[in-house]
Amino acid sequence: MPLWHIHHPADTFTAEDKQSFAKDITDYYARFGLPEFYAVVLFHEIPADSFYVGGQAIPAVRITIDHLARQLDDPEMRKRMTERLHALIAPYTQDRGLHLEFNVTEVPRDTWMIAGQFPPLPGTDIERGWVEANKPLPY
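Residues numbered from 1 in each chain as written. Predicted model: local features only at pLDDT ≥ 70, side-chain atom pairs only at ≥ 80, totals over all residues. Heavy atoms only, no water.

Novice: Summarise the packing of helix α1 (residues 15-30) against helix α2 (residues 75-89); cite the residues concerned and give the values.
Specialist: Viewed as axis vectors pointing N to C, α1 and α2 meet at an angle of 155 degrees, and their least axial separation amounts to 10 Å. Judged by the inter-axis angle, α1 sits roughly antiparallel to α2. Of the two possible hands of crossing, α1 and α2 adopt the one that is right-handed. Contact with α1, carried on its side by Phe-21, Asp-24, Ile-25, Tyr-28 and Tyr-29, involves Met-81, Arg-84, Leu-85, Leu-88 and Ile-89 of α2 and no other residues of that element. Its residues assigned to classes, the contact of α1 with α2 shows 8 nonpolar, no polar and 2 charged. (Axes fitted to C-alpha atoms, helices over the stretch in contact; angles between N-to-C directions. Helix = DSSP H or I, 4+ residues; strand = E, 2+ residues; numbered from the N terminus. Parallel < 35°, antiparallel > 145°, perpendicular 65-115°, else oblique. Left-handed = near helix turned anticlockwise from the far one by under 90°. Contact = heavy atoms within 4.5 Å. Nonpolar A, V, L, I, M, F, W, Y, C, P; charged D, E, K, R; others polar.)

Written as structure tokens, this is what we have:
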């Protein structure tokens, strides 16, 4: 499961922006075989006078991403993933003149449950069933 927390000043994103951003995030992970329902995106509006970077209130976006379904051990693969995520995020942030910071935290998969179950292992028939149904199925 990728869990995205997007912290931003109020009125930074329209409802359409949020829908498009969340869809782009979901599509990114689906390309790697994850069920779409794994992608959770939460937008957190912060009053403009409560969002500070370097002691100054500036138009900025801060994103924290938790990866639970997959972890990458190879530093070069992590770097490529981070660059790809930046490319996904930039049209909604930097390209609009917003200061951007984000980080990815990889959470051990054995500390995550969904619908009362540990998620199936990557590439298994059970996981493919979850992808096809787009929901967790008992197993």
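Novice: With reference to specific residues and values, describe the layout of surface pockets.
Specialist: Reported here for the largest pocket is a volume of approximately 300 Å³. Contributing to the lining of the largest pocket are 15 residues, with Tyr-28, Phe-32, Arg-70, Leu-72 and Met-81 lying nearest its centre. Top element by residues in the lining of the largest pocket is α2. It accounts for 4 residues. Each residue belonging to the lining of the largest pocket can be placed in one class, and the counts come to 11 nonpolar, 1 polar and 3 charged. (1 Å grid on protein atoms, 1.4 Å probe; cavity = no way out; pocket = protein on both sides within 12 Å on 5 of 7 lines; lining within 4 Å. Points joined across faces, edges and corners; volume = space filled by probe spheres on them.)

Novice: How would you summarise a nonpolar patch on the surface if you had to cite specific residues and measurements?
Specialist: A cluster of nonpolar side chains, contributed by Met-113, Phe-118, Ile-126 and Tyr-139, occupies part of the molecular surface with about 410 Å² of accessible area. You can see Phe-118 is positioned in the loop between β6 (99-106) and α3 (125-133). (Patch = residues over 30% accessible without salt bridge, like charges linked within 9 Å, V, L, I, M, F, W, Y side chains within 5 Å. Areas by Shrake-Rupley, 256 points an atom, 1.4 Å probe, with all protein chains shown as cover. Salt bridge = Lys/Arg side-chain N within 4 Å of Asp/Glu carboxyl O.)

Novice: Run through unusual backbone geometry, naming residues and quoting values.
Specialist: Residue Asp-11 is not a glycine yet carries a positive backbone phi of 70 degrees. Along the polypeptide, Asp-11 turns up in the loop between β1 (2-9) and α1. The phi torsion at Ala-115 lies on the positive side, around 55 degrees, for a residue other than glycine. Assignment of secondary structure puts Ala-115 in the loop between β6 and α3.

Novice: Run through the sheet that holds strand β5 (residues 60-67), naming residues and quoting values.
Specialist: The strand order β2-β1-β5-β6 describes an open sheet built from 4 strands, whose pairing is mixed. Because the sheet does not close on itself, it has two edges, and the strands there are β2 (40-46) and β6. Ignoring strand direction, the axes of neighbouring strands in this sheet form an average angle of 15 degrees. Inspection of the sheet shows β1 paired to β2 by 7 bridges, in the parallel sense. Residue pairing for β2: Leu-3 is matched across the bridge by Val-40. In the packing of α1 onto the sheet, contacts are made with β1, β2 and β5, and the angle to β1 comes to roughly 155 degrees. Of the strands in this sheet, β1, β5 and β6 are in contact with α2, which crosses β6 at around 140 degrees. (Pairing = 2+ DSSP bridges.)

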